[in-house]
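Structural characterization, general
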Amino acid sequence: MCRLKLVNYEASENHISHETEGLSRKHLVVRRGKPFKITLMFGGRPWNPHIESLVLEVWLGDVSEKIRVQFSDEWSDPLRWSAKIYQSDMHPQSVMVHICSPVLSSVALYELLLHIETRRTRRSYVVGTFVLLCNPWLKDDPVYMPLGVQTQEYIKSDYGMLYMGTPLNISRQPWSFGQYEPGVLEACLRLLQVSPQHLRDKNKDYALRADPVYLSRTLCAMVNCNDDLGILMGKWQGSYKDGVKPTEWSSSADILHHWFRSSCRPVRYGQCWVFASVLCTVMRVLGIPSRVVTVFNAAHDGDGSLSVEEYYTSTGEKLNLSKDSIWNFHVWVECWMRRPDLGSGFDGWQVVDPTPQEKSAGIYCCGPCPVVAIQQHCLGALYDSGFISASVDADIIRLIVSDGLVVERTVDTEAVGQLIYTKSIGSDRPENLTPAYKGKKRVQPTGAVRCTPRSARQNATVMVNKCNVAFGYSCSPMQSSPLLSAAAGFPGGSSQGLEVSLNIDGVPSVGDSIVMCVTLSNQSSSPRVVMEHLNAQVKEFNRSPQESFWKTHKKMHIKAGEVLKLNHTIPTSEYEAYLAGDDIVNVAVVIKDLKTNKRFLAAQEFNISSPQIAIEIEGGDTIKLKDEHTAQVSFINTFPRTLNGAVLTVEGSGLLEGKHQARLVFLKPGEKIEKQMSIVASSPGTKVLMATFSHSNSPSVVSRSFHRVSVMTD
């Protein structure tokens, strides 16, 4: 009797062939639409193909498909599972079988059985399990990417660069996506298994998992925990003592491990860049090309008006009166896929935003939405194109209020989505994606009525535009706000012959004075008497400012045709008790014409650069797995005074156990605090060392630095 004795999954060869090396030590991991091989070893008498048939059976949930093993010269249907034997792979006690899944197979963990059948008997064996992923290397797969450098960057690379701060001072943070860390693939598969869709109807969910649009939408909702057993809990204010402050994360693997090991309890806490980085990891693991994208000056437009209102007092203090807001930066994910549900014109990069902001079809997810639909203002394109379009292209209506009345309005049509960045292929330099979202020309599909160009908004009342009817939807109507029409007479902070602008001198650093210049131009033929009010407030990147920490005012005369340069300085002593390294400053100037009572507003928001922490690895930033290396971390006090209670903290997942600290009671100007430690990499891939510096005079961390470390196996 011929019986199955052993199975060789040929894991090493399959993983190399399928570009899945390092994704799992536990499972065979292969990609759909591409053959993989297993070797069946028999006990008892040799297998006789003349009297015994081999039949494989693939199980997914409650559904299975039987695959009769054929010889290589027999035809097989590419839309169905197939299994073939080549003559050279047949031996007396073993046979190698080449198995191929349909290109639109579902992403999941499958079970494989073997039946050895004769006319009268059937012996069945459990072969084992394997994981099937999307295949961006296969032309027929909806996630196909044509260039090898693209798949290397957007699938295989476990390292990313995040861009944060403000357009005036962009900060960078390396991130370890960590898809090759042990257990990450298993956590991603678990995420699919505990989704509401799977728990509600697992067979339907399994069937739909062949579609990357469905996958991305499901996973987007599962990265936040607002509706389900998702990974991350968001928090944007208050104490983070019962979790991890979002700025302290630098690795998706740490978050996924924490979630998986805690039986799917949400990890505390995340903000936009953390949500996006974790989703990017999950997508890359499952075979969908993905990248993290930062939008600077992103609008949160909850009512779909394509405008966000900001309120200021007549002395320049920004008020928290609007339910909508401008985030100094917002981070989301772009995923690459075809969109057969919309038409080929909408293939390519799709925005998927896991940060829980607004509900989409009743759940906290956003997208996938074609980037090209945003560029062309096709606001009816699935999914959430109106909300995403407003994020990069809304108008800011700035209102000056006095005694409960709006006394002046201005409109800024350029600030929102001012800059959109992602990491360049093969480089840490940013790639500017702004033209992809905000192209100057709106290319219209044949037969379509023109989508409304951005510049036409100020003159329009109601504009309804239809995209190509072949795509089966229309663009949403765009209506100009009454405030927008009223503001048309005051563009750019100028009217009645007066112009005002506000500029920050250089990039302010913690410990340096903040230097600003207000430029006032009188373009009229008569002199003016004006009152200048200047106000500074601290804010977080996604929130309205707090109370003012500095203000000044001055009455002045300006001659006809004169241009005044008004320089102002905020010394360190007047902001250090309020500002820390992650904070952002809102500065606004209001000029009041004392004769006409007209007011003119200009505003800037900027972040303060932190003093750098030096991180050096002995022998360079590429280290060997399991070898001990020395890391030297130091901070020099560049402040003009002694710092009390100085603390330097170093940590690094996969490199260090716990936190390592150096403390000094006093750190004098020019003196150094340093910490030397041994690091040992526990797994290959990209790791990140993080160092922070704080002292008792500051309310929070003064400086935070990250350092990339590459771990090689040999």
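Residues numbered from 1 in each chain as written. Predicted model: local features only at pLDDT ≥ 70, side-chain atom pairs only at ≥ 80, totals over all residues. Heavy atoms only, no water.

Focus: the overall build of the protein chain
Helix and strand content of the protein chain: 12 helices and 42 strands. Projected onto the principal axes, the alpha-carbon positions of the protein chain cover approximately 105 × 70 × 40 Å. Evaluated residue by residue, the protein chain yields a buried proportion of 57% over its 714 residues. Within the protein chain, residue pairs in contact and separated by at least 24 positions form 67% of the contacts whose partners lie at least 6 positions apart. Summing over all exposed atoms, the protein chain offers an accessible surface of approximately 30,100 Å²; the carbon and sulfur share of this is 50%. Across the protein chain, the mean location of the 74 positive side-chain charges is 2 Å away from that of the 71 negative side-chain charges. (Helix = DSSP H or I, 4+ residues; strand = E, 2+ residues; numbered from the N terminus. Buried < 20%, exposed > 50% of the residue type's maximum accessible area, 1.4 Å probe, protein only. Contact = heavy atoms within 4.5 Å. Areas by Shrake-Rupley, 256 points an atom, 1.4 Å probe, with all protein chains shown as cover. Lys, Arg positive; Asp, Glu negative; His and termini not counted. Charge placed at Lys NZ, Arg CZ, Asp CG, Glu CD.)

Here's the deal with the sheet that holds strand 21 (residues 395-402)
Pairing is mixed across the open sheet formed by 4 strands, whose spatial order is 17-16-21-22. Only two strands of the sheet have a single neighbouring strand rather than two, namely strand 17 (318-319) and strand 22 (405-412). Here strand 16 (residues 307-313) runs beside strand 21; their pairing, made up of 7 bridges, is parallel. By the bridge assignment, Glu-309 is partnered in strand 21 with Ile-397. (Pairing = 2+ DSSP bridges.)

Overview of the environment of Ile-288
Note that Ile-288 resides in the loop between helix 8 (272-286) and strand 15 (290-300). In the structure, Ile-288 is positioned 143 residues away from Met-145 in sequence and 9.7 Å away in space, judged by C-alpha atoms. Residues in contact with Ile-288, not counting those within four places in the same chain, are Cys-134, Val-143, Tyr-154, Ile-155, Pro-212, Leu-215, Met-283, Cys-335, Trp-336 and Met-337.

Section: helix 3 (residues 184-193)
With 8 of 10 residues buried, helix 3 is to be regarded as a mostly interior element. Listing the buried residues of helix 3 in full gives Val-184, Leu-185, Glu-186, Ala-187, Cys-188, Leu-189, Leu-191 and Leu-192.

Description of the pairing of strand 6 (residues 82-85)
Burial of strand 6 is two-sided: the residues Ser-82 and Lys-84 facing one way and the residues Ala-83 and Ile-85 facing the other way are all buried. Where strand 5 (residues 63-71) lies against strand 6, 3 bridges are found, and the strand directions are parallel. Bridge assignment links Phe-71 to a residue of strand 6, and that residue is Ile-85. With 3 bridges connecting them, strand 6 and strand 8 (residues 94-100) associate as antiparallel partners. Of the residues in strand 8, the one forming a bridge with Ser-82 is Cys-100.

Notes on the nonpolar core
Within the largest apolar cluster, 66 residues are counted, with the highest numbers of intra-cluster contacts made by Ile-231, Ile-255, Trp-273 and Leu-286. The element contributing the most residues to this core is helix 8, with 12 residues. The contacts of Leu-286, once residues within four sequence positions are left out, are Val-107, Leu-133, Cys-134, Cys-188, Leu-189, Leu-192 and Leu-219. (Core = buried A, V, L, I, M, F, W, Y, C linked by side-chain atoms within 4.5 Å.)

Side note on the packing of aromatic side chains
Scanning the model with the defined rule gives 18 aromatic pairs in all. A centroid spacing of 3.9 Å and a plane angle of 15 degrees characterise the contact between Phe-635 and Phe-693, whose relative ring orientation is stacked. With a gap of 58 residues between them, Phe-635 in strand 37 (residues 628-636) and Phe-693 in strand 41 (residues 685-694) connect regions that are remote in the sequence. The residues Phe-635 and Phe-693 share a single accessibility class, namely buried. Through pairs of rings, three or more aromatic residues link up here, namely Phe-36, Trp-81, Tyr-110 and Phe-130. Its end group placed over the ring of Tyr-159, Arg-708 keeps NZ or CZ at 3.6 Å from the ring centre. (Phe/Tyr/Trp six-rings, centres within 6.5 Å; stacked < 30°, edge-to-face > 60°. Lys NZ or Arg CZ within 6 Å of the ring centre and 35° of its normal.)

Some words on the sheet that holds strand 37
With antiparallel pairing, the 3 strands of this open sheet are ordered in space as 35-37-40. Each edge of the sheet is formed by a strand with only one pairing partner; in this case those strands are strand 35 (614-617) and strand 40 (672-680). Neighbour-to-neighbour, the strand axes of this sheet turn through a mean angle of 20 degrees, independent of strand direction. Here strand 35 pairs with strand 37 via 4 bridges, running antiparallel. For Ile-617, the partnering residue across the bridge sits in strand 37 and is Ala-631. (Axes fitted to C-alpha atoms, helices over the stretch in contact; angles between N-to-C directions.)

Describing the packing of helix 6 (residues 212-223) against helix 8
Between helix 6 and helix 8, whose axes approach to 10 Å, the crossing angle comes to 140 degrees. Regarding the angle of helix 6 to helix 8, the classification is oblique. Between helix 6 and helix 8 lies a crossing whose hand is right-handed. Contact residues: Ser-216, Leu-219, Cys-220 and Val-223 in helix 6; Phe-275, Val-278, Leu-279, Val-282, Met-283 and Leu-286 in helix 8. A per-class count over the contact of helix 6 with helix 8 returns 9 nonpolar, 1 polar and no charged. (Parallel < 35°, antiparallel > 145°, perpendicular 65-115°, else oblique. Left-handed = near helix turned anticlockwise from the far one by under 90°. Nonpolar A, V, L, I, M, F, W, Y, C, P; charged D, E, K, R; others polar.)

A short note on a nonpolar patch on the surface
Taken together, the side chains of Leu-147, Val-149 and Ile-425 present a nonpolar region at the surface, about 260 Å² in accessible area. Relative to the helices and strands, Leu-147 resides in the loop between strand 10 (122-133) and helix 2 (148-156). On the basis of relative accessible area, Leu-147 is assigned to the partly exposed category, the value being 47%. (Patch = residues over 30% accessible without salt bridge, like charges linked within 9 Å, V, L, I, M, F, W, Y side chains within 5 Å. Salt bridge = Lys/Arg side-chain N within 4 Å of Asp/Glu carboxyl O.)

Concerning the packing of helix 3 against helix 7 (residues 252-261)
Packed helix pairs are characterised by how far apart their axes lie and by the angle those axes make with each other. Running from amino to carboxyl end, helix 3 crosses helix 7 at an angle of 60 degrees, the nearest separation of the two axes being 9 Å. In this view, helix 3 runs oblique relative to helix 7, as classed from their interaxial angle. In the crossing of helix 3 with helix 7, the sense of the turn from one axis to the other is left-handed. Residues Val-184, Glu-186, Ala-187, Arg-190 and Leu-191 of helix 3 pack against Ala-253, Leu-256, His-257, Trp-259 and Phe-260 of helix 7. When grouped by side-chain class, the residues that make up the contact of helix 3 with helix 7 number 7 nonpolar, 1 polar and 2 charged.

Brief notes about the side chain of Asn-169
With respect to the helices and strands, Asn-169 occurs in strand 12 (residues 169-176). Apart from residues no more than four positions distant in its own chain, Asn-169 is found in contact with Met-164, Val-507, Asn-607, Ile-608 and Ser-609.

So, the pattern of salt bridges
Tallied over the entire structure, the rule returns 24 salt bridges. Glu-181 is the partner of Lys-687 in a salt bridge, and the nearest nitrogen-oxygen pair spans 2.0 Å. One end of the pair, Lys-687, is in strand 41; the other, Glu-181, is in the loop between strand 12 and helix 3, and 506 residues separate them in sequence. For Glu-181, a relative accessible area of 13% puts it in the buried group. Residues joined by salt bridges that share partners form a network here, namely Glu-310, Lys-318, Arg-398, Asp-412, Lys-539 and Glu-605.

With respect to the confidence of the model for the protein chain
Predicted confidence across the protein chain gives a mean pLDDT of 89, with 91% of residues reaching 70 or more. Note on residues 441-495: pLDDT is under 50 here. Beyond four places in sequence and across chains, it has 114 contacts. (pLDDT = per-residue confidence, 0-100.)

Regarding the environment of Leu-232
The residue Leu-232 is located in strand 13 (residues 232-234) in this model. Judged by its relative accessible area of 0%, Leu-232 falls in the buried class. It is 9.1 Å that separates the C-alpha atoms of Leu-232 and Val-278, two residues lying 46 residues apart in sequence. Residues in contact with Leu-232, not counting those within four places in the same chain, are Val-223, Asn-224, Cys-225, Ile-255, Pro-266, Val-267, Tyr-269, Gly-270, Val-274, Phe-275 and Val-278.

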